[in-house]
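Results of the structural survey
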Amino acid sequence: KNQVEQSPQSLIILEGKNCTLQCNYTVSPFSNLRWYKQDTGRGPVSLTIMTFSENTKSNGRYTATLDADTKQSSLHITASQLSDSASYICVVSATRSNTGKLIFGQGTTLQVKP
Amino acid sequence: DVKVTQSSRYLVKRTGEKVFLECVQDMDHENMFWYRQDPGLGLRLIYFSYDVKMKEKGDIPEGYSVSREKKERFSLILESASTNQTSMYLCASSRVVTEAFFGQGTRLTVV
């Protein structure tokens, strides 16, 4: 069964600190992996996308890694800001012929405190 | 930038009402999706459409129907709203089915 598991479920850090969010997946056949940021009451916005051959992708203070062998991804946030408070959702896409399916993790809720 | 616009941010409806949620995208995308998002359950696919007048059931289609008469517009219909349909509804569109650009969401409360 295709699944995406994220940890931790929630996290509280102080402004300026770094943090790492984890995503483990069992999705086959794998197409790509995205990290989305969802502010409270808003729709998700894509931060990064990685395909099978990519190990690292950065977007400003956000750096995503992918280990396709162990089927793990992480999202590292550097020098956190209050505006980083949001839910972060890992999404893996599975492809089979011309159809595709997005498998969503349940998200990690990050709270950055001053 | 892709723009996916949902007609309402917040909606309150009564049990038994017929409810229409509208979504419009401006990027000429073939694919459009409706998801609902609930705490602890993540995003779940209700319906998707890969072309005008075409639709496919997602994982939780019961109690919902959809309409796609024009390429840019995808409507979600709750035939008879129930309290267990209180949720955050997210519309998305894409050029390929392995990606999704989301709207801002509609918070629906059924009382």
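For the structure itself, consult the block above.
Residues numbered from 1 in each chain as written. Chains lettered and ligands numbered in written order. Predicted model: local features only at pLDDT ≥ 70, side-chain atom pairs only at ≥ 80, totals over all residues. Heavy atoms only, no water.

Topic: the nonpolar core
Membership of the largest hydrophobic core comes to 26 residues, with the highest contact counts inside it found for Val4(A), Tyr25(A), Leu33(A), Trp35(A), Leu75(A), Tyr88(A) and Val92(A). At the level of secondary structure, the elements contributing two or more residues to this core comprise strand E3 (19-26), strand E4 (30-38), strand E5 (45-51), strand E7 (62-67), strand E8 (72-77), strand E9 (86-96) and strand E11 (108-113) of chain A. Sorting elements by how many residues they give to this core places E9(A) first, with five residues. In this structure Leu33(A) touches Cys23(A), Tyr25(A), Thr48(A), Ile49(A), Met50(A), Leu66(A), Ser73(A), Cys90(A), Val91(A) and Val92(A), once residues within four positions along its chain are discounted. Counting residues in hydrophobic clusters, the runner-up holds 20 residues, among them Val19(B), Ile60(B), Leu78(B) and Val110(B). (Core = buried A, V, L, I, M, F, W, Y, C linked by side-chain atoms within 4.5 Å. Buried < 20%, exposed > 50% of the residue type's maximum accessible area, 1.4 Å probe, protein only. Helix = DSSP H or I, 4+ residues; strand = E, 2+ residues; numbered from the N terminus. Contact = heavy atoms within 4.5 Å.)

Looking at the pattern of salt bridges
One pass over the full model with this rule turns up ten salt bridges over all chains. Where Arg34(A) meets Glu99(B), a salt bridge forms, and the shortest distance between an N and an O atom there is 3.4 Å. In this pair, Arg34(A) sits in strand E4 while Glu99(B) sits in the loop between strand E9 (87-94) and strand E10 (101-102), so the two residues belong to two different chains. Both residues of the pair, Arg34(A) and Glu99(B), belong to the buried class. Its salt-bridge partner being Asp39(A), residue Lys37(A) comes within 3.9 Å of it at the nearest N-O pair. Given a relative accessible area of 15%, Lys37(A) falls into the buried group. The exposure class of Asp39(A) is partly exposed, given its relative accessible area of 35%. The structure contains a network of salt bridges with shared partners spanning Asp28(B), Glu30(B) and Lys71(B). (Salt bridge = Lys/Arg side-chain N within 4 Å of Asp/Glu carboxyl O.)

Examining the pairing of E9(B)
Residues and elements named next belong to chain B. Of all eight residues in E9, eight are buried; the element is thus mostly enclosed. Burial along E9 is two-sided: Ser87, Tyr89, Cys91 and Ser93 and Met88, Leu90, Ala92 and Ser94, pointing in opposite directions, are all buried. As paired elements, strand E4 (residues 31-38) and E9 share seven bridges and run antiparallel to each other. In the strand pairing of E9, Met32 is matched with Ser93. Where E9 lies against strand E11 (residues 106-110), three bridges are found, and the strand directions are antiparallel. Its bridge partner lying in E11, Tyr89 is registered against Thr106. Connecting E9 to the next strand, E10, in antiparallel fashion are six residues. (Pairing = 2+ DSSP bridges.)

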